[in-house]
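What the coordinates show
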Amino acid sequence: MDLSTSYLGLELEHPLMPGASPLVDDLDAVRRLEDAGASAIVMHSLFEEQIIGDEYRRVADIDVHEHAFGEALSYFPRASEYPLGPDRYLEQVRAVREAVSVPVIGSLNGTTPEGWLNYAHLIEQAGAHALELNFYYVATDPDETGGVIEHRLAEIVRIVRRRVSVPIAVKLSPFFTSLPHLARQLVEAGADGLILFNRFYQPDIDPEKLETVPRLHYSTSDELLLRVRWLAILSGRVRASLAATGGVHTSMDAIKAVMAGAHAVQMVAALLRNGPKHLAVVRREMQHWLEEGEYESLRQAQGSMSLERSPDPEAFERGNYVRALQSWRPSRFGTPT
Ligand SMILES: Cc1cc2nc3c(=O)[nH]c(=O)nc-3n(C[C@H](O)[C@H](O)[C@H](O)COP(=O)(O)O)c2cc1C
C-alpha cells in the first residue's frame, strides 16, 4: 500500500509524524521515533520570550525577572526552566538532523514581527528542512481589531519568508472570524502550509485559594472533529499543505484527518502516553484499513471528504448544524447523547 504524501514540498513515506513536543529534546527518543517509522521529526518550539530574555540578559547581565522590563516576562518560565536555551536549541536541531534520515522541521513560537525572528534563519542554517511558526496569541485588548491581529501574523510570515528558503508552515488557533480569508493572506505572505490547530491550555480557577491553576491535560479523539471540520473547509481552497494536530490518537483519527484533506498528521498526546512505538501501530492499522477498503493508495483517500467540490459549503455547514439540533427527540430525555 502506497501511503506516501507530499507535505510542504517534502515527499514523505506516509503522513504520520510527532508534533512539536519535548519528546524530541532527547536524542534517544528521536531515534525511537524514527525506528517507529515517523515520516518527519518536528522540533519542540523555541519561544519568542526565551530569545528576548536571553538577548536582554546578554546585554544587561541581569535576571530579567527582577527588572522592570521583565515584568511581562515574569509570567513566563525562567531561562533555566526551558529544556533548551536558544543556542542549545540550534545545537539540538543539528544533532537531530545528524541522528535521523527523515526531514527535520524546526519550530518558532511567538507573536510579534520583531528581531527574534532572526532565529528562523539560524534554524535553517542548523539544518532544518522546514519551519513551523506557532502563533499562539490570545486577544485581550478591546481596542485591537481582528484585522490588526491578522495583519501582524501575515507580517510575521512575510518577514520569515524573506529570511529563509525552506518551506514555512503556520500553526494556528481556531479563533479567527474567517479562517479561509486568513489562510489566503498567509499563503500570499509566503506560508507553504497550515497546521490546524493549537490547543488552548486553559488555566482552571481554584475558588478556595483565589488562584489560577495551570493545567496540562492531554487531548482526546473528540478534539479531532474541530480539525476535521476546518481541514474539510480549507482543503482545495488554499494553495497550501494542510496538517492536522490535536486529537489524533488512533488510526481511525488519522484516516478521518486525511480524508478531510490533511497531507500530514501530527501526534503528541498519543505518543507521550503510549511511547514512540504507538506511531508504528497507527501506521499499520491505517494501512490495514485502507487495504480492506480496497484503496490503492493513501492519496486516493486524501481529501475525499473535503468540501472542495461542495457547491455551497456554507449551506452545508449551517444545514448540518440545524439538523444536529433538530435530531434531538423527547425520548432521549435522561439518556447520554
Ligand atoms: C507537553 C507538550 C509540549 C508541547 N510543546 C509544544 C511546542 O513547543 N510547540 C508547539 O507548537 N506545540 C507544542 N505542543 C502542542 C502539540 O504540538 C500539539 O499541537 C497538541 O498537543 C495537540 O496535539 P495532540 O492532541 O496530538 O496532543 C505541546 C504539547 C504538549 C502536550
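First things first, this report covers the structure right here in the doc. Being a predicted model, the structure only gives us computed values, none of them experimental.

Counted according to the given criterion, the structure contains five aromatic pairs. Measuring from ring centre to ring centre gives 5.5 Å for Trp328 and Phe333, while their planes differ by 85°; the resulting arrangement is edge-to-face. Among the residues examined, Trp328 registers a relative accessible area of 41% and is labelled partly exposed. Among the aromatic residues, ring-to-ring pairing joins Tyr136, Phe175 and Phe200 into one connected group.

Attention now goes to the site of the ligand. The environment of the ligand is formed by 21 residues, the closest being Ala20, Ser45, Asn134, Ser219 and Thr245. At 2.6 Å, a backbone N or O of Ala20 approaches an oxygen atom of the ligand. Residue Ser219 places a side-chain N or O atom 2.5 Å away from an oxygen atom belonging to the ligand. Relative to its unbound accessible surface of 610 Å², the ligand loses 91% to contact with the protein. Classifying every residue of the shell around the ligand by side-chain character gives nine nonpolar, 10 polar and two charged.

Turning next to the pairing of strand β12 (residues 241-245). The element β12 is largely enclosed, with a buried count of five among its five residues. Sheet analysis places strand β9 (residues 193-196) next to β12, joined by four bridges and oriented parallel. Considered in β12, the bridge of Ile195 is made with Ala243. Summarising the sheet, β12 and strand β13 (residues 264-267) pair through three bridges and their orientation is parallel. Bridge assignment links Ala244 to a residue of β13, and that residue is Val265.

This next bit is on the environment of Leu226. Secondary-structure assignment places Leu226 in helix α8 (residues 224-234). For Leu226, a relative accessible area of 36% corresponds to the partly exposed category. Spatially, the C-alpha atom of Leu226 lies 9.3 Å from that of Gly247, the residues being 21 residues apart in sequence. Beyond its immediate chain neighbours, meaning those up to four positions away, Leu226 contacts Pro174 and Phe197.

What follows covers the side chain of Ser306. Secondary-structure assignment places Ser306 in the loop between α12 (298-301) and α13 (313-326). A residue is classified by how much of its surface remains accessible, and Ser306, at 12% relative accessible area, is buried. A polar side-chain atom of Ser306 sits 3.1 Å from the main-chain amide nitrogen of Glu308. Beyond its immediate stretch of four places on either side in the chain, Ser306 contacts Ala232, Ser235, Met259 and Ala260.

Moving on, we get to helix α1 (residues 27-35). Buried residues of α1: Ala29, Val30 and Leu33, and no others. Viewed along the axis of α1, the buried residues span an arc of 105°, placing them on a single side of the element. Summarising the contacts, the buried residues of α1 are in contact with β3 (16-18), β4 (41-42), α4 (86-99) and α10 (269-274). Phi for Gly37, located one or two positions after α1, is positive at around 100°.

Reading the values: the criteria
Residues numbered from 1 in each chain as written. Predicted model: local features only at pLDDT ≥ 70, side-chain atom pairs only at ≥ 80, totals over all residues. Heavy atoms only, no water. Phe/Tyr/Trp six-rings, centres within 6.5 Å; stacked < 30°, edge-to-face > 60°. Buried < 20%, exposed > 50% of the residue type's maximum accessible area, 1.4 Å probe, protein only. Near = heavy atom within 4 Å. Polar contact = N/O pair within 3.5 Å; in protein donor to acceptor, adjacent residues only side chain to side chain. Areas by Shrake-Rupley, 256 points an atom, 1.4 Å probe, with all protein chains shown as cover. Nonpolar A, V, L, I, M, F, W, Y, C, P; charged D, E, K, R; others polar. Helix = DSSP H or I, 4+ residues; strand = E, 2+ residues; numbered from the N terminus. Pairing = 2+ DSSP bridges. Contact = heavy atoms within 4.5 Å. Arc of directions from axis to C-beta.

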